[in-house]
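Chain by chain, the residues:
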Amino acid sequence: MKKTRSGALGCPARCSGRPECEKGKCRWLAAYLVRQKWINAYARTVADRQIFRYHHPQEQRQFLKEGPCPGCSLEKLCDLPCPEYVRWWDLRMALLRRRM
C-alpha cells in the first residue's frame, strides 16, 4: 500500500486509470486492507499476554483426574509441589466441596 503525494492511499489492485478504480471500488479495498493491517498489528501485541482459553470438557475431566504431573519433565525428580500442582489441588478441593 503506497501513499500518493496527496497522502491518499494508492490503489491496492494497481488498476489506477481504469474506470472502476475511479468510481471508488478500489478505494474501499484499500481502506479494508489498511484496517486489517492495523487489526493484525494490535493482535500481535496482545498475543504475548496471557489469554483465557476454554478447554473441552473431556480434557478438563482428565486434567482433574490425573493432575499436571503425568508428562512433566521433572516428574521423577519432583519432591516439592510446584505452582501447577498447587493450582490443580485447589481445583480438586473446590470440586469436592461443591459435590458435598
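Conventions adopted
- Residues numbered from 1 in each chain as written.
- Predicted model: local features only at pLDDT ≥ 70, side-chain atom pairs only at ≥ 80, totals over all residues.
- Heavy atoms only, no water.
- Helix = DSSP H or I, 4+ residues; strand = E, 2+ residues; numbered from the N terminus.
- Buried < 20%, exposed > 50% of the residue type's maximum accessible area, 1.4 Å probe, protein only.
- Areas by Shrake-Rupley, 256 points an atom, 1.4 Å probe, with all protein chains shown as cover.
- Phe/Tyr/Trp six-rings, centres within 6.5 Å; stacked < 30°, edge-to-face > 60°.
- Contact = heavy atoms within 4.5 Å.
- pLDDT = per-residue confidence, 0-100.

A. Broad picture of the overall build of the chain. Along its length, the chain carries 4 helices and 0 strands. A total of 100 residues make up the chain; the buried ones form 13% of that total. A total accessible area of about 9500 Å² is found for the chain, and carbon and sulfur atoms account for 57% of it.

B. Up close: the packing of aromatic side chains. Here the structure, examined in full by the defined rule, presents 2 aromatic pairs. Seen from their ring centres, Tyr 85 and Trp 88 are 5.3 Å apart, and the 45° between their planes marks the pair as tilted. With Tyr 85 and Trp 88 both in helix H4 (residues 83-99) and 3 residues apart, the pair spans about one turn of that helix. Take Tyr 85: its relative accessible area is 29%, and that puts it in the partly exposed class.

C. Expanded view of the environment of Arg 92. Among the secondary structure elements, Arg 92 is positioned in helix H4. Ignoring sequence-local partners within four residues, the contact set of Arg 92 consists of Leu 64 and Lys 65.

D. Quick look at the confidence of the model for the chain. Looking at the chain, pLDDT values average 76 and 68% of them are 70 or higher. Below pLDDT 50 for its whole length, residues 1-8 participates in 12 contacts with residues either more than four positions away or in separate chains.

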